[in-house]
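An overview of the molecular structure
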Protein chains: 2
Amino acid sequence: MTTPRRRRPTMADVAERAGVSRTLVSFILDGKPGASDETRQRVLAIADEIGYRPDSAARLLAQGRSRTLGVMSDIRQLFEAELITHIYPAAEKLGYEVLLSANLPGRTEPTVVESLLSHRCGALILLGPKAGQDFFDELASRVPVVVACRRLTGLNDEVPLATVRTDDAKGIRQAVDYLVDLGHHHIHHVSGGTDPGSDDRQEAYCRAMRAHGLAGESVVIPGAHNEEAGAEAARTMLAAPTLPTAVLAGNDRCALGILDVFTRAGVDVPGRVSLMGFDDSRLSENPRIDLTTIHQDAGEIARRSVELAVSMLVEGPSRATDVVLEPQLIVRGTTAEPPR
Amino acid sequence: MTTPRRRRPTMADVAERAGVSRTLVSFILDGKPGASDETRQRVLAIADEIGYRPDSAARLLAQGRSRTLGVMSDIRQLFEAELITHIYPAAEKLGYEVLLSANLPGRTEPTVVESLLSHRCGALILLGPKAGQDFFDELASRVPVVVACRRLTGLNDEVPLATVRTDDAKGIRQAVDYLVDLGHHHIHHVSGGTDPGSDDRQEAYCRAMRAHGLAGESVVIPGAHNEEAGAEAARTMLAAPTLPTAVLAGNDRCALGILDVFTRAGVDVPGRVSLMGFDDSRLSENPRIDLTTIHQDAGEIARRSVELAVSMLVEGPSRATDVVLEPQLIVRGTTAEPPR
DNA sequence: CTGAAAGCGCTTACAG
DNA sequence: CTGAAAGCGCTTACAG
């Protein structure tokens, strides 16, 4: 159907023009030894001249497994976009390509994964996946998998499945400790529902409250890691007889939604209610937002994920690894002592 | 090097188990006619049973040009992430796959494009590219190209190059008209530098100021479409003897940076200075930000881009098309009458 | 230092 | 309704 375009040059074209075999061209382009310097120069010049570009599809097919890392991400999450910016250079440094595919409403995780796999990605990095444990086990039996920003329980030495994440529990513990230090007792938590890290954060919240003798004050409001869910949770809180003095949101975006509704409703933050997020995404530091939050190290998460993916790809399974990174409390303007 | 993993099933495996030829399996999997219903059922069942998945790399190689759309995006731009969420369903509807690759600092547009092309994308959609005109001409001679969110001058019928964009000039004109109506004369523009749409926006700003007899008041401060550039521009303005009464930023992110610095410096927005953005990205409507801005229709831009890409891919060149969408003024809380 | 040949997994005329 | 065969562009032992 396509109008025949100027056919793109192949290795065979280069070989013919240079009067050498395709094999040799392949070697030269690959930087392998086995050609005289003179031949090398000539072949390179010709390749350049006729505009030769390697064909990844053919290369992948011929090589079997590939030097390509497949990355699944919900690109609307600022924090994941940030991770990706760090994944590219880390992969390139190790000589790997990156293929991106987005999981979005209407594009489920299995769909994304199959797409990546069908393009022969040699290993997968999944950013904040929501699938069930079984999904990862099954997947890792087919290809090495690194799960970022989520804790998994089924890690073992049989299967190339690893995780890289921030210590969510510790981060939440820091947050609660900080709020309690300020004098807060009525601290509510808006959970992230099925979103990455939510379980740990919620559990850590309950445990921390208990540790402070505030078990009776624990209130978890179901939510998700986006603005709409935060807004909804804020409405729920506003409808209740009394407001808490502090709210610990599932993540920054959720906190933004809460801030939205509270602000519109005339609830002073932090005068009346203190608010905290989680992630420390780009917007948190804008002084109009100025959100107190827990910082995650995107660069480190990205680098470790890439390194693990490559190492499993090269060395095969038996690597059960759970990389846990330190969170960091970032105090900004949405938190203060409780009123009066 | 890779530890031999359970080899993934191929078409040949399916054919063998089913006792038919690979050709027939290919036909059946493709939904083409040419197999009895009974055979079809059996083959499908076997494929499913042994977990057969098509190999895109092999398919692409065999088919020549592909049913894959390559999308280049700076995923850190919220607005582009939004575009992508609409590109997937639009492509799927037409039976096309999408491959994503990110242009980022350290990963230039030519790099991204070559990567996409080497994976045999049949057409390219470039979101807000910054490259020079020549780059697109040369590229379009190799593959159909749709440029989104940027105006190009060199469109002709010879080469499959098309653009889809919002009428930037009109949007800026709306913004200036609105500010002038409010009573503003001292309106500064923070330009987007080399970022997409910047030239048109800047020129439209100058023209609109002139149309209102305010040519003498025109001030353009160089910037870019991100928070840092906005912050820098705000500092420049603060250092000048007098502040304008209104600022028209190159886009929303730039406006956020300006808001940041102004707020920290105690400049009341909109009491002392009115501020406008461009894009209407997700954060603009947060009441802490509450940014008056110009709305772009992400869904429509995405759909039109996909349709154009596919139509050029199928029908070949000769389609010089420039789709121009309507902008929309969104009045929120960062604009008001000038002080006193 | 160099080349002939097989193969990666699929598609697609062509021929029954 | 079904199959044998060539080919997509590359890599990679193997053999000089």
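Predicted model only: the values in this text are computed from it and were never measured. (Residues numbered from 1 in each chain as written. Chains lettered and ligands numbered in written order. Predicted model: local features only at pLDDT ≥ 70, side-chain atom pairs only at ≥ 80, totals over all residues. Heavy atoms only, no water.)

It is worth spelling out the overall build of chain A at this point. Helix and strand counts for chain A come out as 12 helices and 12 strands. Taken against the 2.2 N^0.38 rule, which gives 20 Å for 340 residues, the C-alpha radius of gyration of chain A at 25 Å runs more than 25% over that of a compact globule. In chain A, which comprises 340 residues, the proportion classed as buried is 56%. Partitioning the intrachain contacts of chain A with sequence separation of at least 6 by distance along the chain shows that 68% fall at a separation of at least 24. Accessible area of chain A: about 13900 Å², with a carbon and sulfur share of 50%. If the 38 positive side-chain charges of chain A are averaged to one point and the 46 negative ones to another, these points end up 5 Å apart. (Helix = DSSP H or I, 4+ residues; strand = E, 2+ residues; numbered from the N terminus. Rg over C-alpha atoms; globule rule 2.2 N^0.38 Å. Buried < 20%, exposed > 50% of the residue type's maximum accessible area, 1.4 Å probe, protein only. Contact = heavy atoms within 4.5 Å. Areas by Shrake-Rupley, 256 points an atom, 1.4 Å probe, with all protein chains shown as cover. Lys, Arg positive; Asp, Glu negative; His and termini not counted. Charge placed at Lys NZ, Arg CZ, Asp CG, Glu CD.)

It is worth spelling out the protein's contact with DNA strand C at this point. Around DNA strand C, the structure places 26 residues, and the nearest of them are A:Thr23, B:Met11, B:Arg22, B:Ser26 and B:Tyr52. Among all atoms of DNA strand C positioned within 4 Å of the protein, those belonging to sugar or phosphate total 65%. In this structure, B:Tyr52 approaches DNA strand C through a side-chain N or O atom, which is 2.5 Å from a phosphate oxygen. The contact in question runs from a phosphate oxygen of DNA strand C to an N or O atom on the side chain of B:Arg59, over 3.2 Å. At the level of secondary structure, the elements contributing two or more residues to the surface near DNA strand C comprise helix H2 (22-29) and helix H4 (56-63) of chain A together with helix H2 (22-29) and helix H4 (56-63) of chain B. Broken down by class, the residue content of the surface near DNA strand C amounts to 11 nonpolar, 9 polar and 6 charged. (Near = heavy atom within 4 Å. Polar contact = N/O pair within 3.5 Å; in protein donor to acceptor, adjacent residues only side chain to side chain. Nonpolar A, V, L, I, M, F, W, Y, C, P; charged D, E, K, R; others polar.)

What follows is about the protein's contact with DNA strand D. As a structural note, the neighbourhood of DNA strand D is formed by 26 residues, with A:Met11, A:Arg22, A:Ser26, A:Tyr52 and B:Thr23 the closest of them. By atom count, sugar and phosphate contribute 65% of the portion of DNA strand D lying within 4 Å of the protein. Contacts to DNA strand D include B:Ala62, whose backbone N or O atom sits 3.2 Å from a base oxygen. Residues belonging to the surface near DNA strand D are distributed by class as follows: 11 nonpolar, 9 polar and 6 charged.

Glancing now at the domain arrangement of chain A. Here chain A is described as being made up of domain 1 (11-54), domain 2 (67-166 + 297-326) and domain 3 (168-296). A C-alpha centroid distance of 61 Å is found between domain 1 of chain A and domain 3 of chain A. (Domains from an automatic or database assignment.)

Relating one copy of the chain to the other takes a rotation about an axis and a shift parallel to that axis. In the superposition of chain B on chain A (RMSD 0.0 Å, axial shift 0.0 Å), the rotation amounts to 180 degrees. Between the two chains, the operation in question is that of a two-fold axis. (Least-squares fit on C-alpha atoms with pLDDT ≥ 70 in both.)

All right, on to unusual backbone geometry then. Between A:Val269 and A:Pro270 the backbone carries a cis peptide bond, its omega angle lying at 10 degrees. Within the element layout of this structure, A:Pro270 appears in the loop between helix H11 (252-264) and strand E9 (274-276). Located in the positive-phi region is B:Arg120, a residue other than glycine, with phi close to 65 degrees. Along the chain, the position of B:Arg120 falls in the loop between helix H6 (109-118) and strand E3 (123-127). Here B:Arg120 falls in the buried class, since its relative accessible area comes to 17%. Positioned with a positive phi, B:Asp279 is a non-glycine residue whose angle comes to about 130 degrees. The residue B:Asp279 is located in the loop between strand E9 (274-276) and strand E10 (293-295) in this model.

Below, the discussion takes up the pairing of E3(B). Residue and element names in this part refer to chain B. For E3, the buried fraction is high: 5 of the 5 residues fall into the buried class. Where burial is concerned, the two faces of E3 agree: the one with Ala-123, Ile-125 and Leu-127 and the one with Leu-124 and Leu-126 are both buried. Judged from the 4 bridges that link them, strand E1 (residues 68-73) and E3 form a sheet pairing that is parallel. When the bridges of E3 are listed, Met-72 appears paired with Leu-126. Across 4 bridges, the pairing between E3 and strand E4 (residues 145-148) is parallel. Residue pairing for E4: Ile-125 is matched across the bridge by Val-146. (Pairing = 2+ DSSP bridges.)

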